[in-house]
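Secondary and tertiary structure notes
Single-letter residue listing:
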Amino acid sequence: MPSLQEQIQQFEQEINAFQPATAAELEDYRIRFLGAKGIVKHLFGEIKTVPAEQRKDAGQLLNAFKLLAEQKHEAFKDLSETATAKGPKVDHTMPGIPLPLGTRHPLRVVENKIVSIFERIGFSVATGPEIEDDWHNFTSLNMPLDHPARDMQDTFYVSSNPDWVLRTHTSSTQARILETQPLPIRVICPGRVYRNETISARAHCFFHQCEGLYVDKNVSFADLKQTLYYFVTEMFGENTKVRFRPSYFPFTEPSAEMDISCTVCGGSGCNLCKHSGWVEILGCGMVHPNMLRNFGIDPEVYTGFAFGMGVERITQVKYQVNDLRLYSQNDVRFLRQFQGI
Ligand code: DAH
């Protein structure tokens, strides 16, 4: 008959090697070791056969053994919790916890809308670099070095190269297209632009624009008006009115700014339209002959129109966002409001 110590050692080996794969195996183990007639109980009963002076040590051994047996059972408890003899404790038919899904950024949604409206009437999409050289951002757009209109846009210069700027408008892409694409040209150029502005509700050091350019024979101001009117009714609804005010841009002649009837009050006056009934949404005009010449296009043969709009501005007018900073704060409470638009 093996001694109590020897028996304990042998059972310890068995316990250490035990790796249940099913709840049933774990339950067999529990009954065998920890049950009312199990090995642990039995060995504790054996302690009376141990000589009195060794009982204290034997008791300690047994307590450690019991702990080992219990810990092993505990380690595989998950097995018995998912499927006990009484049936699963977990309800597999319960709906899962939904994963928080991201949404498209409102500016991207609006940019996509703008682009798709123009794509439907034959415009293709072009993009250009955000770090731009002086020629494409200013000079070729009829803004030579000493031109006062350069001050209309506060520019970030790239310190390593005095010829480079962070583009102040997407009109620079217009220049790149005139430089490289064969005529006729009909493009829409979305992208991010930068200006050295103090960040506030109404100004930001970066924002987004969409530029449009159409150059062909016989393109007239009437084409420009009709194209932009189509855009406005698609974007803001059929009943939206437009008006053009004379303006100045170096790269267009004549130039205009376009207003639409206020999308909030419909013209009766509110905060968005500053009680005028109209909100300005873009600048436009007929491409300046100097600009065409800069790219070797004969302005006697070809004419064109161009326009540029701020994506933030369109979003503000369409969805009444009243603080530009919201677009870059990434507050999900703001972003979620645009789910599904
Ligand atoms: N580039 C102008 C700006 O950022 C917007 C603009 C006005 C673009 C008139 C044009 C245009 O193409 O014709 O303020």
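Residues numbered from 1 in each chain as written. Predicted model: local features only at pLDDT ≥ 70, side-chain atom pairs only at ≥ 80, totals over all residues. Heavy atoms only, no water.

As for the pairing of strand E4 (residues 185-194)
Counted only if it meets this: Remark: exposure states derive from per-residue accessible area (1.4 Å probe, protein chains only) relative to the maximum for the residue type, with buried under 20%, exposed over 50%, and partly exposed in between. Helical segments are the DSSP runs of H or I of at least four residues, strand segments are the runs of E of at least two, and each set is numbered from the N terminus. DSSP calls a pair of strands paired once it identifies at least 2 bridges connecting them.
Of all ten residues in E4, eight are buried; the element is thus mostly enclosed. Here E4 pairs with strand E5 (residues 206-216) via ten bridges, running antiparallel. Its bridge partner lying in E5, Gly191 is registered against Gln209.

Description of the packing of aromatic side chains
The following threshold applies: Two aromatic rings, drawn from Phe, Tyr or Trp (for Trp, its six-membered ring), form a pair once their centres lie within 6.5 Å of each other, and the interplanar angle then sorts them: stacked below 30 degrees, edge-to-face above 60, tilted otherwise.
Taken as a whole and judged by the stated rule, the model has 16 aromatic pairs. Between Phe11 and Phe65, the aromatic rings sit 6.4 Å apart at their centres with planes inclined by 40°, giving tilted as the arrangement. Taken together, the residues span a long stretch of sequence, with Phe11 in helix H1 (residues 4-17) and Phe65 in helix H4 (residues 55-75) at a distance of 54 residues. You can call Phe11 buried: its relative accessible area is 17%. Look at Phe65 and you get buried, because its relative accessible area is 0%. Note on Phe118 and Phe231: the rings are 5.2 Å apart at their centroids and 20° apart in plane angle, and the pair reads as stacked.

Quick notes on the sheet that holds strand E1 (residues 124-125)
Using the following cut-off: For this analysis, residues touch if any pair of their heavy atoms sits within 4.5 Å. Inter-axis angles, ranging from 0 to 180 degrees, are taken between N-to-C directions of lines fitted to C-alpha atoms, where helices are fitted over the stretch in contact.
Pairing is mixed across the open sheet formed by seven strands, whose spatial order is E1-E4-E5-E9-E8-E7-E6. For this open sheet the edge positions go to E1 and strand E6 (242-249), each flanked by a neighbour on one side alone. The pairing of strand E8 (residues 278-287) with strand E9 (residues 303-310) spans five bridges and is antiparallel. Bridging from a neighbouring strand, Gly285 pairs with Ala306 of E9. Relative to E4, helix H6 (residues 106-119) is tilted by about 165°, and along the sheet it contacts E1, E4, E5 and E9. Its contacts with the sheet place helix H9 (residues 221-236) against E6, strand E7 (252-261), E8 and E9, and it is angled at close to 145° to E8.

Here's the deal with the layout of surface pockets
Let me state the cut-off plainly: Put plainly, a pocket is an open set of points on a 1 Å grid over the protein atoms alone with protein on both sides within 12 Å along at least five of seven lines, a cavity is a set where a 1.4 Å probe fits but cannot get out, and a lining residue has an atom within 4 Å of a point. Grid points are joined across faces, edges and corners, and a volume is the space filled by probe spheres set on the points. Three classes are used: nonpolar for Ala, Val, Leu, Ile, Met, Phe, Trp, Tyr, Cys and Pro, charged for Asp, Glu, Lys and Arg, and polar for all others, with Gly counted as polar.
Here the largest pocket is characterised by a volume of approximately 1,400 Å³. Along its surface, the largest pocket is lined by 49 residues, and Arg202, Phe207, Glu280, Gly310 and Arg313 are the ones closest to its centre. Breaking the lining of the largest pocket down by element, the ones donating at least two residues are helix H8 (171-180), E5, E6, E7, E8, E9 and helix H11 (311-319). A class-by-class count of the residues in the lining of the largest pocket yields 21 nonpolar, 15 polar and 13 charged. Volume-wise, the second largest pocket comes out at about 270 Å³. When grouped by side-chain class, the residues that make up the lining of the second largest pocket number six nonpolar, five polar and five charged.

Quick word on the environment of Lys217
If you trace the backbone, Lys217 turns up in the loop between E5 and H9. Taking relative accessible area as the criterion, Lys217 reaches 47% and is therefore assigned partly exposed. With 84 residues separating them along the chain, Lys217 and Val301 place their C-alpha atoms 6.2 Å apart. Lys217 has contacts with Val301 and Tyr302, leaving out every residue within four places of it along the chain.

Considerations on the domain arrangement of the protein
Rules: What fixes the domain bounds is an automatic or database domain assignment.
In terms of domain boundaries, the protein breaks down into domain 1 (4-85) and domain 2 (106-338). Taking only C-alpha atoms, the centre of domain 1 and the centre of domain 2 are 79 Å apart.

What about the pairing of E9?
Extensive coverage of E9 is indicated by the burial of six of its eight residues. Bridge count for E5 against E9 is eight bridges, and the pairing is antiparallel. Counterpart to Gly212 in the pairing with E9 is Phe307.

Side note on the packing of helix H3 (residues 39-46) against H4
Cut-off, in case you're wondering: For classification, angles of less than 35 degrees are called roughly parallel, those exceeding 145 degrees roughly antiparallel, those between 65 and 115 degrees roughly perpendicular, and all remaining angles oblique.
With their axes 10 Å apart at the nearest point, H3 and H4 run at an angle of 175° to one another. Accordingly, the angle class assigned to the pair H3 and H4 is roughly antiparallel. Between H3 and H4, the residues in contact are Ile39, Val40, Leu43 and Phe44 and Leu62, Asn63, Phe65, Lys66 and Ala69, respectively. Among the residues forming the contact of H3 with H4, the class breakdown is seven nonpolar, one polar and one charged.

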